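Reading the structure
Letter by letter, the chains look like this.
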Protein chains: 2
Amino acid sequence: MSTTVPVRPPVPELRTAGSVLPAARPQTPFLRLDLDVAVARYRRLAAALPGTAVHYAVKANPDPGLLARLHAAGSRFDVASPAEVLAALAAGAAPGDLVYSNPVKRRTDIELAHLHGVRLFVVDTLEETDKVAAAAPGSAVLCRLVTPGEGSDWPLSRKYGCSTAQAVDVLTHALTLGLDAAGVSFHVGSQQRDPGAWAAPIAASARVFDQVRARGGRPHLLDLGGGFPARLVGGCPPPEEYGATIGRLLDQHFGARRPDTLVEPGRGVVAEAGVLTTEVIGVVRRGEVRWVFLDAGVFTGLVETLEEAIRYPLETDRDGGPTGPCVVAGPTCDSADVLYQDTMVDLPLDLAEGDRVRLLGAGAYTSCYSTVGFNGFPPLVTHVVP
Amino acid sequence: MSTTVPVRPPVPELRTAGSVLPAARPQTPFLRLDLDVAVARYRRLAAALPGTAVHYAVKANPDPGLLARLHAAGSRFDVASPAEVLAALAAGAAPGDLVYSNPVKRRTDIELAHLHGVRLFVVDTLEETDKVAAAAPGSAVLCRLVTPGEGSDWPLSRKYGCSTAQAVDVLTHALTLGLDAAGVSFHVGSQQRDPGAWAAPIAASARVFDQVRARGGRPHLLDLGGGFPARLVGGCPPPEEYGATIGRLLDQHFGARRPDTLVEPGRGVVAEAGVLTTEVIGVVRRGEVRWVFLDAGVFTGLVETLEEAIRYPLETDRDGGPTGPCVVAGPTCDSADVLYQDTMVDLPLDLAEGDRVRLLGAGAYTSCYSTVGFNGFPPLVTHVVP
């Protein structure tokens, strides 16, 4: 057998080639990632959550320049694979700055993380707790609770999390295995527009803490997850509203026994730092409907438009004149490569082939979701503004 | 600005490193691609469709070794981007062996294809016909008809195709632009289990041919599209049944004026040549439900499991004993990374961490749909059996 390796893993081997300056008008499509914006978003979220450690979720965008800037600004990291561990360490993070949040992990991946000094792992079953105890003895574990995900544009309740009763069993089991049964983790769903979504899981977490204490444990850490939204179509409350609501809920449910807390924002930090610039390759009429075809699509980074879940604000070269509804599609010959159809987008009526369309708030879950080059269309390129 | 290029485009730069032999038990996940099987599938489909040119759809799997073997066996190619044009030419194809089937193309992409000698393009609007006339003057065009996509596991009707009346207008317009109004194209939907799905579009194509002739045209080519299925869960009729049905339909609707015909199979050629081997990273209970986590998932090549559209037959190291239903999930911490849940999969009850699970019929739309490395999990690697 011969071996075809289509591409190298982008993490941690991603390089920011500082000497390569793109042309004044670089070829589309590309993601322009402004690190100052990401750092500003990080600082604002951290300020809105005083006393809470902010662990940037590397999966949202693993650009090494971004990770280094966030580390320098004080951010910690949420990782979910060996490559993400190494990327965070390469950015300057200490192993103690990392939470390994993937609830089901390959055993050798846990071992590798442990070898590099990672000591905090999320689990949600007895089986995984056994695995962590064997592969990373003496570490701390957080047990992830299931949440309904209501109010979020990209719910996460399907795959991970257990009930409060199971969490008590998991954490008690962790104690017997010599682990630090550190506490609880949950995730309210990505792009969560309702700060109130934290109410039920914080209340549930407090119940778990009480019951684990009653069984002899000393839980001390609550992982409030991610879900902090970016300003996309439909808007969202500001970070301060999330911080205030969460602070109130912690007081209400934990009172004087408030544990250490951490959050894992991805989109909330990096989405608004990214603008994805595309070019119109064609505007055609299908019956009464105008279709705008772009040179970026579902397979070049815009996977989150599936089911039209994430709606990016759009700017064009022709803004200012009259607009009308249109379907927006990507460049591949795959029929799944349609961004917005059920709810059409208003775009200028004179938008034409060769015009540029910019998708705002596109710094998260785009370059990393891109395919290796489906249909011969290259993966999304990032131009970093350092 | 500095530039981060996450990965190089895999087409046409994919290399088959013949000197690199994987270990006897290579690290999972990987796609094992047996080129003899692909060639056998090609030959069987070609034999089932006598007189019809078979253009392998490069998008299904652009492995350069595969393209070279298919070319040597007599296959032509269906391409949809400059990279796919170059990959087909690199495999030995002549430009006249290519149909550029993407109905909406970037103008410079058409120019590049034309520069390399490609002379057959699919369109489905007046606007795109103008574009082809300008960028590839004198070429032949096929106008794509819309089809309902019923009976297919991955319908394609959403994005492309026009009505018969519009097709007549498009082809008549092509004549006035000095193009060869060659005929009609359609696509019945990928993994199409019903040979009867070709009936309505062949009848519609014949009507278009008649009307174009009445307007002075001389249509001569019918592109019967792809959709030829692989043997996945649920089964499908053999290629011979498709060939017989299509032959009957061509006789019925075109009689003595049967045009030249071509097909564009992707999955039907390459799917059964591929086995995707994964390893179980964990088996956990969520309430009453058993969850099996694999080290390959939606973001490492198994996108077609979204909505559980494509169901791969599974083999495991533990086959033979009692089985029970389970949910099957991938390794990333993304909740969308679940392969089969609504309809669970029967797998051995003693399946455990470290066991291997093989997905059959996985040669198409896997390695090319893989992300660049979301969540730090590398893109799917292919091991070619030449």
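Residue indices follow the written sequence of each chain, beginning from 1 at its first position. Key to labels: chains lettered from A, ligands numbered from 1, both in the order written. Predicted model: local features are reported for residues with pLDDT of at least 70 only, side-chain atom pairs are reported and counted for 80 or more only, and whole-chain, interface and lining totals are derived from all residues. The side-chain quantities take in all heavy atoms of the structure and omit both hydrogens and water.

The name given to chain A in an unreviewed UniProt entry is ornithine decarboxylase, with the source organism recorded as Nocardioides taihuensis. UniProt positions are given in the numbering used here, feature names are shortened, and annotations may be inferred rather than shown by experiment. UniProt annotates chain A under Cofactor (unreviewed entry) with the comment "pyridoxal 5'-phosphate". The Sequence similarities (unreviewed entry) field of the UniProt record for chain A holds the comment "Belongs to the Orn/Lys/Arg decarboxylase class-II family."

1. A short note on the pattern of salt bridges
Salt bridges are identified by distance alone: a Lys or Arg side-chain nitrogen within 4 Å of an Asp or Glu carboxyl oxygen. Evaluated as defined, the whole model comprises 44 salt bridges over all chains. Taking the shortest distance from any N to any O, the salt bridge between A:Arg106 and A:Asp109 comes out at 4.0 Å. Exposure remark for A:Arg106: the relative accessible area of 16% places this residue in the buried category. Of the residues examined, A:Asp109 reaches a relative accessible area of 12% and is grouped as buried. Shared partners join several salt bridges into a network, and the residues in it are A:Arg106, A:Asp109, B:Glu279, B:Asp295 and B:Arg356. Only protein chains enter the calculation, and the probe is 1.4 Å; a residue is then buried if its accessible area is under 20% of its type maximum, exposed if over 50%, and partly exposed in between.

2. Observations regarding the side chain of B:Arg311
All names here are of chain B. Along the polypeptide, arginine 311 turns up in the loop between strand S14 (289-294) and strand S15 (314-316). The class of arginine 311 is buried, set by a relative accessible area of 18%. Between N or O atoms, a polar contact is any pair within 3.5 Å; within protein, one atom must be a potential hydrogen donor and the other a potential acceptor, and residues adjacent in sequence are included only when both atoms are from side chains. Here the side chain of arginine 311 touches threonine 343 through a polar contact of 2.7 Å, landing on its backbone oxygen. Whether two residues are in contact is decided by their heavy atoms: any pair within 4.5 Å suffices. Setting aside residues no more than four positions away along its own chain, arginine 311 makes contact with Leu232, Val233, Tyr340, Thr343, Met344 and Val345. Under the scheme used here, helices are H or I runs from DSSP no shorter than 4 residues and strands are E runs no shorter than 2 residues, and both carry numbers assigned from the N terminus.

3. Digging into helix H1 (residues 35-48) of chain A
All names here are of chain A. Expected helix span is computed as 1.5 Å times (number of residues minus one). With 14 residues, H1 ought to run about 20 Å at 1.5 Å a step, and its terminal C-alpha atoms sit 20 Å apart, in line with that. Every buried residue belonging to H1 is among Leu35, Ala38, Val39, Arg41, Tyr42, Leu45 and Ala48, and all of these are buried. Measuring from the side-chain oxygen of the N-cap residue of H1 to the backbone nitrogen of aspartate 36 gives 3.1 Å; that N-cap residue is aspartate 34.

4. So, the packing of aromatic side chains
Any aromatic ring pair is given by two values, namely how distant the centres are and how the planes are angled relative to each other. Two aromatic rings from Phe, Tyr or Trp, using only the six-membered ring of Trp, form a pair when their centres are within 6.5 Å; if the ring planes differ by under 30 degrees the pair is stacked, by over 60 it is edge-to-face, and anything between is tilted. Tallying each qualifying case throughout the model produces 24 aromatic pairs over all chains. For the pair A:Phe299 and A:Phe374, a centre-to-centre distance of 4.8 Å together with 50° between the ring planes defines the contact as tilted. Of this pair, A:Phe299 sits in the loop between strand S14 (289-294) and strand S15 (314-316) while A:Phe374 sits in the loop between strand S18 (356-360) and strand S19 (381-385), placing them 75 residues apart in sequence. Comparing A:Phe299 with A:Phe374 shows no difference in burial state: the two are buried. A centroid spacing of 5.6 Å and a plane angle of 85° characterise the contact between B:Trp198 and B:Tyr242, whose relative ring orientation is edge-to-face. Note that B:Trp198 is positioned in the loop between strand S10 (190-192) and helix H7 (199-214) and B:Tyr242 in helix H8 (residues 239-254), a separation of 44 residues in sequence. Residue classification places B:Trp198 among the buried residues on the basis of a relative accessible area of 0%. Through a chain of ring-to-ring contacts, the aromatic side chains of A:Phe299, A:Phe374, B:Tyr365 and B:Tyr369 assemble into a single cluster.

5. Re the domain arrangement of chain A
Often, the extent of an interface is quoted as the loss of accessible area on bringing the components together. Residues and elements named next belong to chain A. When cut into domains, chain A gives domain 1 (35-270) and domain 2 (272-385). If you look at the interface, domain 1 gives 19 residues, while domain 2 gives 22 residues. A 1.4 Å probe defines the accessible area here, and the buried area is the portion of it lost by two parts on being joined, summed over both. Regarding the contact of domain 1 and domain 2, the summed buried area is about 1800 Å², with carbon and sulfur atoms giving 57% of it. Applying the counting rule to domain 1 against domain 2 returns three salt bridges. At the boundary of domain 1 and domain 2, one finds eight residue pairs in polar contact (both at pLDDT 80 or more). Those elements that place two or more of their residues in the side of domain 1 that touches domain 2 are H1, strand S8 (152-154), strand S10 (190-192) and helix H9 (267-270). Considering every element that reaches the side of domain 1 that touches domain 2, the biggest residue donor is H1, with four residues. Under the scheme applied, nonpolar residues are Ala, Val, Leu, Ile, Met, Phe, Trp, Tyr, Cys and Pro; charged residues are Asp, Glu, Lys and Arg; polar residues are all the others, including Gly. Residues belonging to the side of domain 1 that touches domain 2 are distributed by class as follows: ten nonpolar, three polar and six charged. Annotation comment: domain bounds sourced from an automatic or database domain assignment.

6. With respect to H8(B)
All names here are of chain B. Compared with the 22 Å implied by 1.5 Å per residue over 16 residues, the 22 Å span of H8 between its first and last C-alpha is a close match. Looking at H8, one finds that the buried residues are Pro239, Tyr242, Gly243, Thr245, Ile246, Gly247, Leu249, Leu250 and Phe254. In this structure, the buried residues of H8 make contact with helix H1 (35-48), S10, H7, strand S11 (221-223) and strand S12 (260-263). Positive phi appears at glycine 255, one or two residues downstream of H8, with a value of about 55°.

7. Overview of the state of the cysteines
Residue and element names in this part refer to chain A. Two cysteine sulfurs form what is called a disulfide whenever their separation falls within 2.5 Å. In this structure the tally under the stated criterion is zero disulfides over all chains. Note on cysteine 143: no disulfide assigned, nearest cysteine sulfur contributed by cysteine 162 at a separation of 3.5 Å. Taking relative accessible area as the criterion, cysteine 143 reaches 0% and is therefore assigned buried.

8. Digging into the pairing of S18(A)
All names here are of chain A. The pairing of strand S13 (residues 274-286) with S18 spans five bridges and is antiparallel. By the bridge assignment, threonine 278 is partnered in S18 with valine 357. Paired strands, as defined in this entry, are two strands with at least two bridges between them according to DSSP. Sheet analysis places S15 next to S18, joined by three bridges and oriented antiparallel. Bridge pairing in S18 places threonine 316 opposite valine 357.

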